Amino acid sequence: MATSGAGEGYSSLNGVVSETEHKIMTDLPAELLEYILCFPVLKHVDICNVSCSCKRLHDVCHGRGKVWGHQYKLRWPRLQKHYRQNECCDWLKEYRTRHTVGLQIRQTVVSISKRFFTEVPCVGQVLGDSFAEIESLGAPEHFCEDELLSILNSDRRKSLTLKYYAKKILYFLRQQNILRSLKMFLEQPAEQQSALEGAVLVDQYCNPLADVSLDGISSQLEEITDKVKKMLRMKNSSHPSLRVTQGDCFAVEDFELERQVVVALNAVLYEQLQYKGNECDYYNPLNSYIHQVLLRRTGIPISLSVLYMTLARKLGVQLEPVNFPNHFLLRWCQHQRGSGDIYDFVYIDAFGKGKQLTAKECEYLIGHQVTADYYSAISTTEVLLRMVGNLLNIGKRGISSLREGNEKSYQLLRDSLDLYLTINPDNVQYLLLQARLYFHLGIWPEKVLDILQHIQALDPSQHGAVGYLVQHTLEHIQHKKHPVEPEVKRRSAPEHVEVQYSVGLIMKHKRSGYNCVIYGWDPKCTMSQEWITTMRVHQLSSGAKQPFYNVLVQDGTCRYAAQENLEPHSAPLEIAHPEVGRYFSEFHDSHYVANEELQTRYPEDMAETLGTVRNLYHRLTPSSGQASGQQESLKGPGGSSQDQKSQENQEAMPM
């Protein structure tokens, strides 16, 4: 790092030869050294080596300086939002902590596949222990989340098993945080609870991986409010609502001024922005999520009512939620506030483009008479219970349908039960439903026992149902203590001679036309006689005595297909199924590579898959096929190869 002249000396202007001047890098000012060491090409390993070279550079690379701050920000840019601008921080300590947490999180995620591959793949039941492991690290939560996001944002086709479990852990971690926020929200005084904030928390819990925030939703509502003000200004430029700024608590007292706000709100919401009730797809859960209502401009009565009521209150008009049967409404007082007479109110149907109804017309809306109690205003907590109850019923509808594979419905039912019982923890009906759901899925038996004990304390008359579930749950716990070794299926076995296809192949269903990937097979149909009859298997030319395949379908379902109905896909493509990562570590252009756990079940299938791919698509030469086979043999848990491991080791900090 020394610099000098070209020779041993040089001539000065007066002809006298001066001694050679030697310049070394450490003579540079500290600011310039920091600037050089912040070049993007330098990694943390380089900075470690530089800081060890001499005391001068060690001092320049001190923990609170620019150099380590730059390294930290360069490697983990998502974490910058957790620090104030120009915050004085020990960046070297932060870097070490974040680096260590990253390694620990990856080790935890990798270990999950081995431990939980045989379990039912529902979020939560496989993650309770892992969540405890992560909490025991004592690491900052945002470090854990950032590492999980780093895993998810890596190469789309690789490390699929690692991503599968990272996604589930992130889902679970975020839900725990949202539940804590919901409990804090419910502890607030009723008059301080906002229906919008509650709806956002419900939305966040059911969509923890989506970018949903109260600030983001509020910002979108402010844009709509500005449009309403613009419309209002055209009608009445002196209207008091025009002077309201964001966050002001304001109420219009004059009825005519209120009417002008409602008219302008209807014009903007339903005519200009084209919001509408979703009559065609009423039971789609997206209709209940406030961020989807804003995105798709469609919803159901309760979600549109929350939106309408929030906008009206921003403009000074106080509307109240009404828990009307089968059709959620808002009420608008036309006389003195605090009136208990149902005929002193106009009822607004946000689902019906803001139509204003009398009390009698509300009964025509649902086709039968109701008592005056149904016209009463309800609290924010009751609004949330109605909203979550809708989601709960949608989940039950999905599960009771005859479609194969309804993981989304099970997840929706679990999420909505969690929410409902957080709001109303002593509801025996839903506690029993939660216990039955967990028992049916074979998950969290210890939690099932806790729920049943709580039910027994609340309502001893439930001892019959509780006793049955307790007995069978205890049997399940005993069974888990003595797990059965997984069945290994070898293609070379005589009873498997008719099995033509192997795991990882991309297939097409000849009759239904769907695309899928094989993740398991049986030499003959193993389903019940009832299923065989319902699916009309006897009408197939080979009936039930032919190989059947477990397949993940492009539409997100899991199916059991007969061999005669499947054929290799002419142009293999990725299968966008949420469970792909549970079985496969990588998509390799024309097929999926089974992860270590699936290869244990089907030890001879990968060689068969490579041979089939080579023959069908002519993309693999014998040498490349052998190389690929060798590469697959190096795969570790979660689909990480030795090359990947060596890369991770190389990145370990030499500190």
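Scroll up to find the structure.
Below is a summary of the structure that appears in this document. Small disclaimer: the values here were computed from a predicted structure and weren't measured.

Turning to the overall build of the chain, a few remarks are in order. Assigned secondary structure in the chain consists of 25 helices and 17 strands. When burial is assessed residue by residue, the chain has 48% of its 655 residues classed as buried. Summarising the internal contacts of the chain: among those between residues at least 6 apart in sequence, 60% fall at separations of at least 24. If you sum the accessible surface of the chain, you get close to 33,400 Å²; carbon and sulfur atoms cover 51% of it.

Attention now moves to the nonpolar core. In this structure, Ile224, Tyr275, Tyr308 and Leu319 are the most contacted members of the largest nonpolar core, which totals 45 residues. For this core, the secondary structure elements donating two or more residues are α9 (195–206), α10 (214–235), α11 (255–272), α12 (290–296), α13 (301–314), β8 (329–333), β9 (345–349) and α15 (380–400). With 8 residues, α13 is the single largest residue contributor to this core. With sequence-adjacent residues up to four places away left out, Tyr275 is seen in contact with Ile224, Leu269, Tyr270, Val293, Leu294, Arg297, Leu304 and Leu307. Cys206, Leu384, Ile451 and Leu469 belong to the second-largest nonpolar core, a separate cluster that totals 40 residues.

Here Asp605 shows up in helix α23 (residues 605–617). For Asp605, a relative accessible area of 0% translates into the label buried. Here the side chain of Asp605 touches Val503 through a polar contact of 3.0 Å, landing on its backbone nitrogen. Here Trp521 takes part through its side chain, which lies 2.8 Å from a polar atom of the side chain of Asp605.

A separate point is the packing of aromatic side chains. According to the stated counting rule, one finds 23 aromatic pairs in the structure shown. Relative to Tyr95, the ring of Trp76 lies with its centre 4.7 Å away and its plane at 55 degrees, an arrangement referred to as tilted. Within this pair, whereas Trp76 is found in the loop between α4 (66–75) and α5 (91–116), its partner Tyr95 is found in helix α5, the two being separated by 19 residues in sequence. No difference in accessibility class separates Trp76 from Tyr95, as the two residues are buried. Aromatic pair Tyr164 and Tyr165: ring centres 4.8 Å apart, planes at 90 degrees, arrangement edge-to-face. What links up through ring pairs into an aromatic cluster is the set Trp68, Tyr72, Trp76, Tyr83, Trp91 and Tyr95.

On to α4. Those residues of α4 that sit buried are Val67, Trp68, Gly69, Gln71 and Tyr72. Elements that come into contact with the buried residues of α4 comprise α1 (30–37), α2 (44–51), α3 (55–60), α5 and α7 (141–152).

Closest axis-to-axis distance for the α15/helix α16 (residues 407–423) pair is 8 Å, and the angle between their directions is 155 degrees. When the axis of α15 is compared with that of α16, the two are roughly antiparallel. As for the relative orientation of α15 and α16, their crossing is left-handed in sense. Along its contact with α15, which presents Thr381, Leu384, Leu385, Val388, Gly389, Leu391, Leu392, Ile394, Gly395, Lys396, Gly398 and Ile399, the element α16 presents Ser409, Tyr410, Leu412, Leu413, Ser416, Leu417, Leu419, Tyr420 and Ile423. Classifying every residue of the contact of α15 with α16 by side-chain character gives 14 nonpolar, 6 polar and 1 charged.

Along the polypeptide, Ile518 turns up in strand β12 (residues 515–522). Accessibility expressed as a relative area gives 0% for Ile518, which makes it buried. As for Ile518 and Val503, which are separated by 15 residues in sequence, their C-alpha atoms are 4.8 Å apart. Apart from residues lying up to four places away in sequence, Ile518 is in contact with Tyr501, Ser502, Val503, Gly504, Leu505, Met507, Tyr549, Asn550, Val551 and Phe584.

Take the sheet that holds strand β11 (residues 506–509) next. Strand order in this open sheet of 5 strands is β14-β13-β12-β11-β15, and the pairing throughout is antiparallel. Every interior strand has two partners, whereas the edge strands, β14 (558–562) and β15 (566–568), have only one. Neighbour-to-neighbour, the strand axes of the sheet open up by a mean angle of 50 degrees, direction not taken into account. Pairing geometry for β12 and strand β13 (residues 548–553), over 6 bridges, is antiparallel. Directly across from Gly520, in β13, lies its bridge partner Asn550.

Another point: the packing of α9 against α13. Look at α9 against α13: their axes get within 9 Å of each other, and the N-to-C directions meet at 145 degrees. When you trace α9 past α13, the crossing you get is left-handed. Contacts from Ala195, Leu196 and Ala199 of α9 reach α13 at Val306, Met309 and Thr310. Across the contact of α9 with α13, the residue classes tally to 5 nonpolar, 1 polar and no charged.

Next up on the list: the environment of Arg313. Relative to the helices and strands, Arg313 is located in helix α13. Spatially, the C-alpha atom of Arg313 lies 9.5 Å from that of Val252, the residues being 61 residues apart in sequence.

Here 4 strands make up an open sheet; going across it, the order is β7-β8-β9-β10 and the pairing antiparallel. In this open sheet, the two edge strands, each paired with only one partner strand, are β7 (320–322) and β10 (355–357). Ignoring strand direction, the axes of neighbouring strands in this sheet form an average angle of 40 degrees. Alignment of β9 against β10, held across 3 bridges, turns out to be antiparallel. Residue pairing in the sheet places Tyr347 in a bridge with Leu357 of β10. Each of β8, β9 and β10 touches helix α14 (residues 359–366); the most contacted strand, β10, lies at about 110 degrees to it.

Once that is clear, we can look at unusual backbone geometry. The phi dihedral of Arg297 is positive, around 55 degrees, even though this residue is not glycine. As for its position among the elements, Arg297 is in the loop between α12 and β6 (298–299). The phi torsion at Asn326 lies on the positive side, around 70 degrees, for a residue other than glycine. Note on placement: Asn326 falls in the loop between β7 and β8. For Asn326, a relative accessible area of 61% corresponds to the exposed category.

The rules behind the values
Residues numbered from 1 in each chain as written. Predicted model: local features only at pLDDT ≥ 70, side-chain atom pairs only at ≥ 80, totals over all residues. Heavy atoms only, no water. Helix = DSSP H or I, 4+ residues; strand = E, 2+ residues; numbered from the N terminus. Buried < 20%, exposed > 50% of the residue type's maximum accessible area, 1.4 Å probe, protein only. Contact = heavy atoms within 4.5 Å. Areas by Shrake-Rupley, 256 points an atom, 1.4 Å probe, with all protein chains shown as cover. Core = buried A, V, L, I, M, F, W, Y, C linked by side-chain atoms within 4.5 Å. Polar contact = N/O pair within 3.5 Å; in protein donor to acceptor, adjacent residues only side chain to side chain. Phe/Tyr/Trp six-rings, centres within 6.5 Å; stacked < 30°, edge-to-face > 60°. Axes fitted to C-alpha atoms, helices over the stretch in contact; angles between N-to-C directions. Parallel < 35°, antiparallel > 145°, perpendicular 65-115°, else oblique. Left-handed = near helix turned anticlockwise from the far one by under 90°. Nonpolar A, V, L, I, M, F, W, Y, C, P; charged D, E, K, R; others polar. Pairing = 2+ DSSP bridges.

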